[in-house]
Amino acid sequence: MASASATLLKSSPIIDKSEWIKGQNLRQPSVCVVRCHRTSVGLTVRASSYADELVKTAKTIASPGRGILAMDESNATCGKRLDSIGLENTEANRQAYRTLLVSAPGLGEYISGAILFEETLYQSTVDGKKMVDVLVEQNIVPGIKVDKGLVPLPGSNNESWCQGLDGLSSRTAAYYQQGARFAKWRTVVSIPNGPSALAVKEAAWGLARYAAISQDSGLVPIVEPEILLDGEHGIDRTFEVAQKVWAEVFFYLAENNVLFEGILLKPSMVTPGAECKDKATPQQVADYTLKLLHRRIPPAVPGIMFLSGGQSEVEATLNLNAMNQSPNPWHVSFSYARALQNTCLKTWGGRPENVKAAQDTLLVRAKANSLAQLGKYTGEGESEEAKKGMFVKGYVY
Ligand code: 13P
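An account of the accompanying structure is given in this report. (Residues numbered from 1 in each chain as written. Predicted model: local features only at pLDDT ≥ 70, side-chain atom pairs only at ≥ 80, totals over all residues. Heavy atoms only, no water.)

Around the ligand, the surrounding shell holds 13 residues, and the nearest of these are Lys184, Glu224, Ser308, Gly309 and Arg338. Separating an oxygen atom of the ligand from a side-chain N or O atom of serine 308 is a distance of 2.5 Å. Backbone polar atom of alanine 337 to an oxygen atom of the ligand: 2.9 Å apart, as the coordinates give it. Burial of the ligand by the protein chains amounts to 100% of its free accessible area of 300 Å². (Near = heavy atom within 4 Å. Polar contact = N/O pair within 3.5 Å; in protein donor to acceptor, adjacent residues only side chain to side chain. Areas by Shrake-Rupley, 256 points an atom, 1.4 Å probe, with all protein chains shown as cover.)

Listed below in structure tokens is the structure:
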């Protein structure tokens, strides 16, 4: 796959429909030129006309010492965050909080991408600048959450599936116009509820369709099958489920002709369930997680950007640091929401006079994770707040 795609990036012959693999009827994008490489076995490999740009965007996001700030909480979830500091869930309060985040001075030194909720992508800061422009000035690539959330999956064991494929290609085209260059789709797999073969297949297929559609619009898809922390199971069970999930995800990504060099992954770290009595050390989490990645993730993929999933800020940073103690085939980094924002939100508390202090705490976390990406985090001088776990049973994003 890696060599076929590499050739594909160099040459771009335009082919006519008759050259498609027999029996396949792939859609010809209306505004794009489809570029193909014919392999010796007569198969064709297809990429969006944005192939070069996708590869470049993914590499920029996966750049040394940087990771992603996930600030794409839906309005409902953002409301819960605001409620925790006694603020009402109004558009003005969401705007004030997100202005604080995107305009933290020097954030781009540690943060390469920011995932936004649709409202923020089209919103201005409190001083009237477009949020997207502020990010770009900070050298941060704007991204967009494109899934429409989770709903119960009929026929399963109380599991869920992720909505949002209908009309997705028009939305991704519009998001690109608005300045987004990457996308996120979060689906979940529950260990205590199964996972059933149906739920895993549905999660993998949805992610693959979304990834293909996003690439067609020039957005680098972040592929996120979150294996939830919920449960009493041990780390071996998480490892087993993760192997199955990632095998299926890559099977369908390949089936959908997704360009691996133009995607990013957002896995959960391999840990014991949150209610398991045995806890794992950062070294154990790193060993299991890297073993999983080596077994399942092709080196063509440029970046692995972990979610924090309810770990404390310090735990998420220590675990990332442990994974970067020796070179990896991929950029191993972070795409945290809770583990970057928690102390920042509390420090702000909705008060204008605390904006600077809150931005400073965001920078502390961003810098700590930047060091962890480079394998140089020591864990010294961390606050008690940063050590508090944030696991919420049945968490929805
Ligand atoms: P957490 O880091 O809070 O788990 O967020 C994950 C996520 O999907 C945000 O985009």
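Next comes the rest of the description.
Bringing the pattern of salt bridges into the picture now. Opposite charge on two side chains permits pairing when their charged atoms draw close. In the structure shown here, the tally under the stated rule is 14 salt bridges. Across the pair arginine 186 and glutamate 224 runs a salt bridge whose closest N-O atoms are separated by 4.0 Å. One end of the pair, arginine 186, is in strand β8 (residues 182-189); the other, glutamate 224, is in strand β9 (residues 220-227), with 38 residues separating them in the sequence. Both residues of the pair, arginine 186 and glutamate 224, belong to the buried class. Across the pair lysine 356 and aspartate 360 runs a salt bridge, and its minimum N-O distance is 2.9 Å. One end of the pair, lysine 356, and the other, aspartate 360, are both in helix α13 (residues 355-373), 4 residues apart, so they sit about a helical turn from each other. Each of Asp72, Lys184, Arg186, Glu224 and Glu226 takes part in one network of salt bridges that share partners. (Salt bridge = Lys/Arg side-chain N within 4 Å of Asp/Glu carboxyl O. Helix = DSSP H or I, 4+ residues; strand = E, 2+ residues; numbered from the N terminus. Buried < 20%, exposed > 50% of the residue type's maximum accessible area, 1.4 Å probe, protein only.)

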